[in-house]
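If you want the building blocks of each chain, they are given just below.
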Amino acid sequence: MASITVLGLGLMGSALARTLHKRGQQLIVWNRSKAKMQPFEKLGVSCADDLRSAVSASRVILVCIDNYASTRALLDTPEVSATLAGKTIVQVSSGTPKDAVVAADWAHALGATYLDGAILAGPKDIGTDEATILLSGDDAGFTLARPMLDCLGDGTVRYLGANVRAASALDLAWLMSRYGNFIAAIHAAKICQSEDVGVDELIRLVPDNVAIQRYAQVIHDQSFDKFTASLRVWGEALHHIQDQGRQADISTEIPDFIGGLFNRAMSAGMGESNVMSLIKVLDPPKPE
Ligand code: NAP
């Protein structure tokens, strides 16, 4: 039996799986499109032929796919859900606190324990002290999964307790700080560009804000094709902030405004590019 199953080998899921493998964990991986399993096969990692055998192979199921609806659609089939009793599902796909509650209720009804997770870091940080990973939900699940989950950071994996909403709530709050930096960086760069001042001067001005420096550097270098999370993934995470606002009856005015920029970028085909491509939607339309 493997110690952990990883479902989803996108940019983040593959970083989690690679790190678990490097740290000596016995893992089995599965991804919807088979091509993403090939690099793992070459590393000697077990790759499941189908989802049911992936889920059956270990007691801890780590899920990192696009959202909770996809996770539910994957696992909530008679053949897969029948294998989940006694297992711990750890969901690190992004979602809302309400998604976490619904997922936990569903897992409990099947006799599984549930941990909701949030990764406040990029793929390159996984396994390092930069990888803040928050978990909330069943204590027993955390005890079982802890030896594996601890490998994903360096003293930076934190269990927040039984309130399953906590990891997602803090994730959304943290994400909001990133969106604030995005819009600050693009408008600040626009000011510089419009007045013939180098964006490198802006970078020099904000030594106390490494995030703005990093985003402004992308604009300065025009390196919009390099990214560790796509503009699409950032745009989808913003929907969770909007949903949480509506569910909790707090104003969504700020995320709605930022969401408008993301929608325009997505419509213009920029989904698979660096999030700083957002600056391009601020350009006035070119005359015909
Ligand atoms: P990604 O590179 O776009 O990968 C998406 C993954 O989800 C792929 O493995 C994809 O499978 C799978 N998937 C999508 N829809 C599916 C479905 N209906 N059934 C089964 N699998 C499905 O995204 P990512 O960057 O790895 O992000 C994954 C999750 O981690 C997201 O919730 C994201 O918000 C979260 N996250 C990402 C980062 C980051 O920096 N990248 C940071 C924190 C949290 P295919 O290969 O078959 O399409």
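Here is what the cut-offs are and how they apply
Residues numbered from 1 in each chain as written. Predicted model: local features only at pLDDT ≥ 70, side-chain atom pairs only at ≥ 80, totals over all residues. Heavy atoms only, no water. Core = buried A, V, L, I, M, F, W, Y, C linked by side-chain atoms within 4.5 Å. Buried < 20%, exposed > 50% of the residue type's maximum accessible area, 1.4 Å probe, protein only. Helix = DSSP H or I, 4+ residues; strand = E, 2+ residues; numbered from the N terminus. Contact = heavy atoms within 4.5 Å. Axes fitted to C-alpha atoms, helices over the stretch in contact; angles between N-to-C directions. Parallel < 35°, antiparallel > 145°, perpendicular 65-115°, else oblique. Left-handed = near helix turned anticlockwise from the far one by under 90°. Nonpolar A, V, L, I, M, F, W, Y, C, P; charged D, E, K, R; others polar. Near = heavy atom within 4 Å. Polar contact = N/O pair within 3.5 Å; in protein donor to acceptor, adjacent residues only side chain to side chain.

Novice: Whenever I open this one, the nonpolar core confuses me. Can you help?
Specialist: One broad trend across soluble globular proteins is that nonpolar side chains are buried collectively. Judged by nonpolar contacts, the single largest core of 34 residues is most densely connected at Tyr179, Phe182, Phe262, Met276 and Leu278. Counting residues per element, the ones that place at least two in this core are helix H8 (166-194), helix H9 (199-205), helix H10 (210-221), helix H11 (231-248) and helix H12 (253-267). No other element matches the 8 residues that H8 contributes to this core. Among residues more than four places away in sequence, those in contact with Met276 are Phe182, Ala185, Ile186, Tyr215, Val218, Ile219 and Phe224. By size, the runner-up hydrophobic cluster in this structure holds 33 residues, among which are Val29, Val45, Ala121 and Leu149.

Novice: Would you take a moment to explain the packing of H8 against H10 for this structure?
Specialist: In a pair of packed helices, the angle between the axes and the distance between the axes together describe the arrangement. Between H8 and H10, the shortest axis-to-axis distance is 9 Å and the interhelical angle comes to 50°. One element, H8, and the other, H10, form an angle in the oblique class. The two elements H8 and H10 meet at a crossing, and its hand is right-handed. Within the contact between the two elements, H8 uses Arg178, Asn181, Phe182, Ala184, Ala185, Ile186, Ala189 and Gln193 and H10 uses Ala211, Ile212, Arg214, Tyr215, Ala216 and Ile219. A per-class count over the contact of H8 with H10 returns 10 nonpolar, 2 polar and 2 charged.

Novice: Hey, could you run me through the site of the ligand in this one?
Specialist: Neighbouring residues of the ligand: 25 residues in total, closest Leu11, Met12, Asn31, Lys36 and Ser94. For the ligand, an oxygen atom lies 3.0 Å from a polar atom in the backbone of Asp66. Counting only elements with at least two residues in the shell around the ligand, the list comes to helix H1 (11-22), helix H4 (68-75) and H11. When residues in the shell around the ligand are grouped by element, the largest group, 3 residues, is from H1. Of the residues belonging to the shell around the ligand, the class tally is 11 nonpolar, 10 polar and 4 charged.

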